[in-house]
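Okay, here's what each chain looks like letter by letter:
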Amino acid sequence: MKILIVEDEIELIESMATYLENEDFICEKATNFFDAEDKLISFNYDVVILDITLPDGSGIDLLKMIKDKDAKVGVLIVSAKDSLDDKLKGLDLGADDYITKPFHLAELNSRINSLLRRQKFDGSDMIVFNEIEIDPTSKEVTIDNKLIELTKKEYNLLLYFIANKNKVVTKESIAEHLWGDEIEMADSFDFIYTHLGNLRKKIKKYGANDYVKTMYGLGYKFSE
Amino acid sequence: MRLIERTGRSYLILSLVIFMLFGIVLYFILTAVMSNRLDEKLRYNKEVISKRIKYDYPLTIFEEPELLTEAENRFYPKDTVIYKDTLIFHAIEGLEGVENTEEYEKYRQLTAYETFPTGERYKIITRNSLVRNQDFVTIITLLTIFITLLLVAGLWFFNTRTANKIWKPFYNNLNSLKNFSIQEQKPIELQSSNIDEFTELNGSIKSLTEKLSSDYNNLKEFTENASHEMQTPLAIMQSKIELLLQSTNLNESEIKQLQSIYQAGQRLSKLNKTLLTLAKVENRQFSEIEEVNLSELINTKIEIYEDFIEAKKIDIETDIEPEIILETNSTMVDMLVTNLLSNAIRHNIEKGTIFMKLSATHFHISNSGNELSISPENLFNRFKKASSSADSSGLGLAIVKKICEINEWKIDYTFLDEQHQIIVRF
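Here the structure is a predicted model, which is why all the values come from computation and not from measurement.

1. Observations regarding the overall build of chain A
Link 1 in the chain: For chain A, the count of helices and strands is eight helices and 14 strands.
Link 2 in the chain: Partitioning the contacts of chain A with sequence separation of at least 6, the portion at a separation of at least 24 is 58%.
Link 3 in the chain: Total accessible area on chain A stands at roughly 9900 Å², and carbon and sulfur atoms take up 47% of it.

In structure tokens form, the structure reads like this:
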């Protein structure tokens with residue numbers, strides 16, 4: 001999978017690229033409008049991560065260009081402005097998702113994954129992690145072909161873990177992923193624990209391994 | 001005291017003093033002139049009498065000259081003329097058609113001790129009534145007083161009337177100045193006047209308010225811009241720490257320290273986000289008006305917060321009238337409900353209660369909890385919080401209040417029956 005990251009802040013671009021490359025994405029970087037335009041004309045990408053405010057132009061114009069060339073390319077807008085106008089304008093013009101700074105790398109990765117699923121196979125692609133199989137369309141989870149019942153939060157949590165497998169995922173990023181960033185309650189960490197506990201129990205009950213490791217009260221790691 | 005009254009009063013006092021002085025001076029001048037005239041007449045009378053004596057002309061009984069006694073001769077060795085005012089008893093009795101009167105009347109009297117060519121010395125007395133003169137002076141005084149009063153009243157009346165007319169723009173402008181609000185972003189409207197001082201004042205007020213507004217706007221924009229500029233460095237910080245956390249060769253203490261940095265960063269970015277939201281609300285960036293189904297919105301919010309409500313074993317009771325539609329901005333109402341509900345949960349006690357009631361006129365949310373440690377007036381101010389807990393930015397209610405202000409809703413807080421009660425009236 002090839003990703004183009006358009007972002008004028010070099011340090012941020014490096015972080016995103018490092019994280020995503022670890023997930024076996026091929027990342028190309030563009031730090032200004034001109035570079036981005038050049039790369040978009042010459043190459044094809046599966047996903048473009050697009051910062052709206054660039055020093056020499058607007059990401060919105062790039063968005064139009066991308067969608068004119070190939071409407072199937074997934075575009076994820078990254079913006080410092082979480083103003084509704086920008087968001088609506090971006091989505092109206094064909095952007096597939098929108099994320100505001102500052103964001104969690106795990107969240108970015110999860111968004112790109114779901115974007116790719118929707119784009120490639122109309123969402124019907126199965127997500128497989130060892131004996132766990134997830135059907136994103138019907139939102140059904142099976143372990144060794146046995147259907148298990150998960151609540152909406154447990155399902156989202158599992159999906160988030162699998163998208164960021166082998167990575168330390170912080171509690172903060174999980175809380176934001178499950179409840180949205182408007183919820184800023186310290187309590188939310190306790191609920192992660194509750195939901196996570198239930199999820200672990202259910203997975204174990206159906207015979208799968210416990211893949212979740214606790215990382216010093218900092219977060220969790222989903223790995224073999 | 002109003003300026004009109006103050007100046008009016010000064011004028012009044014001044015004119016009263018002037019007229020009184022004028023009246024007194026007039027009185028003395030008139031009296032002096034008249035007694036001069038009178039004395040002249042008395043002298044003439046005396047001359048007539050002495051001529052008559054000289055030429056042995058018959059005299060009336062009133063004019064009968066007296067030969068001087070020895071004592072008088074000694075007292076007045078030379079010819080002397082003495083003027084004096086005297087009272088003479090008048091009695092009119094038994095005259096037909098005339099009322100009987102008995103009174104003293106004031107007279108001017110001339111007494112002359114004169115030596116005649118024959119060597120005889122006589123005392124000649126002649127008088128004239130002062131009554132007519134006195135009447136004259138009285139009338140003049142009265143007239144003066146009357147004119148004074150008339151003038152003062154007229155002056156007062158016209159002064160007040162013209163002053164009112166002149167000052168009217170001033171008072172109107174004073175009113176608009178009182179009602180001027182810097183947050184409304186409306187330039188102040190001043191009534192013009194043809195008085196130079198007022199025109200100048202208006203000019204100064206206009207430039208002052210314009211300066212104030214632009215400074216205020218700059219400050220507001222500064223908050224928003226500063227918050228924006230902070231987002232990118234925060235994003236870099238956060239992403240670098242997240243990457244660092246992935247490395248496998250960290251020991252526990254390093255991870256602990258990283259965690260602290262990470263959490264502080266998280267707090268900072270949350271605070272920044274809330275600050276930005278507040279700035280945006282204040283800058284009226286949520287201006288799109290649409291129909292918002294508040295009943296639906298509240299029910300959705302309760303669902304979102306379900307986990308939190310259940311965890312604290314809070315008993316939630318609602319009385320939400322269905323299909324309450326408000327014409328307002330959906331983002332703002334969303335923020336309002338979110339902030340109020342999350343506050344009601346966060347500042348609640350274990351096994352507490354939340355009660356919510358929505359009707360067409362108001363939204364009422366109350367929750368059990370401990371009494372505030374800060375005064376309720378400060379509750380809606382920025383960074384005023386009852387606890388120093390990290391999960392509370394102290395900006396939530398400031399945002400709520402601002403939203404209410406913009407929508408012209410009334411918001412009230414009371415602590416009643418161990419319940420924090422907040423009512424928003426639409």
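Moving on from the coordinates now.
2. Remarks on a nonpolar patch on the surface
All names here are of chain B.
Link 1 in the chain: A cluster of nonpolar side chains, namely I139, L143, F146, I147 and L150, defines an oily patch on the protein surface of about 520 Å² accessible area.
Link 2 in the chain: Looking at where F146 falls in the secondary structure, it is placed in helix α3 (residues 131-178).
Link 3 in the chain: By relative accessible area, F146 is classed as exposed at 52%.

3. Let's talk about the confidence of the model for chain B
All names here are of chain B.
Link 1 in the chain: Averaged over all residues, the pLDDT of chain B is 83; the fraction at 70 or higher stands at 96%.
Link 2 in the chain: Within chain B, strand β1 (residues 66-67) has the poorest average pLDDT of any element, 76, and strand β8 (residues 353-358) the best, 91.
Link 3 in the chain: Interface confidence for the predicted complex, expressed as ipTM, amounts to 0.84; the pTM equals 0.65.

4. Focus on the pairing of strand β9 (residues 362-368) of chain B
Residues and elements named next belong to chain B.
Link 1 in the chain: Taken across its seven residues, β9 has six buried, putting it largely inside the fold.
Link 2 in the chain: Pairing geometry for β8 and β9, over five bridges, is antiparallel. Bridge pairing in β9 links L358 to F363.
Link 3 in the chain: Hairpin remark: β8 followed by β9, antiparallel, with three residues in the connecting loop.
Link 4 in the chain: Bridge count between β9 and strand β11 (residues 419-425): seven bridges; the pairing is antiparallel. Its bridge partner lying in β11, S368 is registered against Q419.

5. Section: the environment of N381(B)
Link 1 in the chain: Its location among the elements puts N381(B) in the loop between β9 and α9 (396-407).
Link 2 in the chain: Taking C-alpha positions, N381(B) is 7.7 Å from L395(B), a pair spaced 14 residues apart along the chain.

6. Looking at the sheet that holds strand β13 (residues 212-215) of chain A
Residue and element names in this part refer to chain A.
Link 1 in the chain: Judged by pairing direction, the sheet is antiparallel, and its three strands sit side by side in the order β12-β14-β13 without closing on themselves. Edge strands, defined here as strands with exactly one partner in the open sheet, are β12 (168-170) and β13. Across the sheet, the mean angle separating the axes of adjacent strands is 35° when strand polarity is ignored.
Link 2 in the chain: Judged from the four bridges that link them, β13 and strand β14 (residues 219-222) form a sheet pairing that is antiparallel. Across the sheet, V212 pairs through a bridge with F222, a residue of β14.
Link 3 in the chain: Across the sheet, helix α7 (residues 171-179) lies against β12 and β14, angled at about 65° from β12, the strand it touches most.

7. Here's the deal with the interface of chain A and chain B
Link 1 in the chain: With 42 residues of chain A at the contact, the number on the chain B side is 41 residues.
Link 2 in the chain: Our count for the contact surface shared by chain A and chain B stands at two salt bridges.
Link 3 in the chain: Linking K153(A) and D307(B) is a salt bridge whose minimum nitrogen-to-oxygen distance equals 3.6 Å.
Link 4 in the chain: Here chain A and chain B share 13 residue pairs in polar contact (both at pLDDT 80 or more) between them.
Link 5 in the chain: Going through the elements one at a time, α1 (10-22), α4 (84-92), α5 (105-121), β12, α7 and α8 (188-205) of chain A are the ones with two or more residues in the side of chain A that touches chain B.
Link 6 in the chain: Looking at the side of chain A that touches chain B element by element, the count peaks at six residues for α1(A).
Link 7 in the chain: Looking at side-chain class alone, the side of chain A that touches chain B contains 16 nonpolar, 10 polar and 16 charged residues.

Conventions adopted
- Residues numbered from 1 in each chain as written.
- Chains lettered and ligands numbered in written order.
- Predicted model: local features only at pLDDT ≥ 70, side-chain atom pairs only at ≥ 80, totals over all residues.
- Heavy atoms only, no water.
- Helix = DSSP H or I, 4+ residues; strand = E, 2+ residues; numbered from the N terminus.
- Contact = heavy atoms within 4.5 Å.
- Areas by Shrake-Rupley, 256 points an atom, 1.4 Å probe, with all protein chains shown as cover.
- Patch = residues over 30% accessible without salt bridge, like charges linked within 9 Å, V, L, I, M, F, W, Y side chains within 5 Å.
- Salt bridge = Lys/Arg side-chain N within 4 Å of Asp/Glu carboxyl O.
- Buried < 20%, exposed > 50% of the residue type's maximum accessible area, 1.4 Å probe, protein only.
- pLDDT = per-residue confidence, 0-100.
- Pairing = 2+ DSSP bridges.
- Axes fitted to C-alpha atoms, helices over the stretch in contact; angles between N-to-C directions.
- Polar contact = N/O pair within 3.5 Å; in protein donor to acceptor, adjacent residues only side chain to side chain.
- Nonpolar A, V, L, I, M, F, W, Y, C, P; charged D, E, K, R; others polar.

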